[in-house]
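# Results of the structural survey
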Amino acid sequence: MSDAGEGSLPFPVFKPEERVCGNCKLFSPQSVEERRGWVGACRLHSWRGHFPPSAPICDKYTPRGSAAPVAPAPARERTARGVAPVVVRRRADPNDVVDLEGLSMTREELMDIFREASGLLDAPPLANKWEGGTMRLVPANTELQPKDLPIDSLFHKVVMVRDRLRVLEQKLNAHPKLSDAEKVELQSYITRVYGSLTSFNVLFKEKADQFVGSKSED
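Summarised in this report is the structure supplied together with it. (Residues numbered from 1 in each chain as written. Predicted model: local features only at pLDDT ≥ 70, side-chain atom pairs only at ≥ 80, totals over all residues. Heavy atoms only, no water.)

## Brief notes about the side chain of Lys183
With respect to the secondary-structure elements, Lys183 resides in helix H3 (residues 180–196). Here Lys183 sits buried without a salt bridge, and the closest side chain of opposite charge, Asp180, lies 4.8 Å off (N-O distance). Beyond its immediate sequence surroundings of up to four residues, Lys183 is in contact with Leu172, Asn173, His175 and Leu178. (Helix = DSSP H or I, 4+ residues; strand = E, 2+ residues; numbered from the N terminus. Buried < 20%, exposed > 50% of the residue type's maximum accessible area, 1.4 Å probe, protein only. Lys, Arg positive; Asp, Glu negative; His and termini not counted. Salt bridge = Lys/Arg side-chain N within 4 Å of Asp/Glu carboxyl O. Contact = heavy atoms within 4.5 Å.)

Below, the structure written as structure tokens:
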């Protein structure tokens, strides 16, 4: 298919009453083809491609001289606006101090109490060789009866002492009225207590759970 040239063939003229695309304001002549003659395109229905002006009209036919219809704009989806208030939650600092009727502790310490009471706080494991074992306290007087204490019970008490020392250490470091020098001095006493308890480290299965004192006392 080739163009014969726009000047070689005049554009066809249709009577005003003829309802063809050539009389429609939306039809735009484009070129002359050798086989079909003049062809053009619809400014509203560009998907139709090129076709002769003698093509029958569609439902968007607009006679020349009248206002051309405007192609409808695609409808935009309206997003529903929320009417609920926006709540911005501030993450609580675990070191914030909570006052419980004169008893002060940090949020983290309070959460540890809740977790321990609910059983969510995992206790450190006892070393395998001591599981089910018994510790016997034998008095020097042979007339007195020895006392047996389950190692599990002893271990539980040792862990409680360790945890309370850790809480005391946290409260000491977060205390607002102590100077740095006073904190260092009191911390040294806690470290010495840790050193005195290192004898119980044999009960712990994991080294990370054991007591750590000063190097001079390890």
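Next, the rest of the story.
## Focus on the nonpolar core
Here is a general trend for soluble globular proteins: nonpolar side chains tend to be buried in one another's company. With 14 residues, the main nonpolar core has Leu126, Phe155, Val158, Tyr194, Leu203, Phe204 and Phe211 as its most contacted residues. Listed by contribution, the elements that provide at least two residues to this core are helix H2 (151–174) and H3. The element best represented in this core is H2, accounting for 7 residues. With near-sequence residues (within four places) excluded, Val158 lies in contact with Phe200, Phe204 and Phe211. (Core = buried A, V, L, I, M, F, W, Y, C linked by side-chain atoms within 4.5 Å.)

## Examining H3
Over its 17 residues, H3 extends 25 Å from the first C-alpha to the last, a length consistent with the 24 Å expected when each residue adds 1.5 Å. Taken together, the buried positions of H3 are Lys183, Gln187, Ile190, Tyr194 and Gly195. Projection of H3 onto a plane perpendicular to its axis shows the buried side chains occupying an angular sector of 145 degrees, all on one side. Set apart from the buried face of H3 by more than 90 degrees, the exposed residues are Ala181 and Ser196. Turning to H3, the residues buried within the fold contact H2. (Expected span 1.5 Å × (residues − 1). Arc of directions from axis to C-beta.)

## Things to note about the pattern of salt bridges
Scanning all chains against the criterion turns up 4 salt bridges. Its salt-bridge partner being Arg162, residue Asp163 comes within 2.9 Å of it at the nearest N-O pair. With relative accessibility at 6%, the residue Arg162 sits in the buried group. In this structure, a network of salt bridges that share partners links the residues Arg162, Asp163 and Asp209.

None of this, on its own, says anything about what the molecule does.
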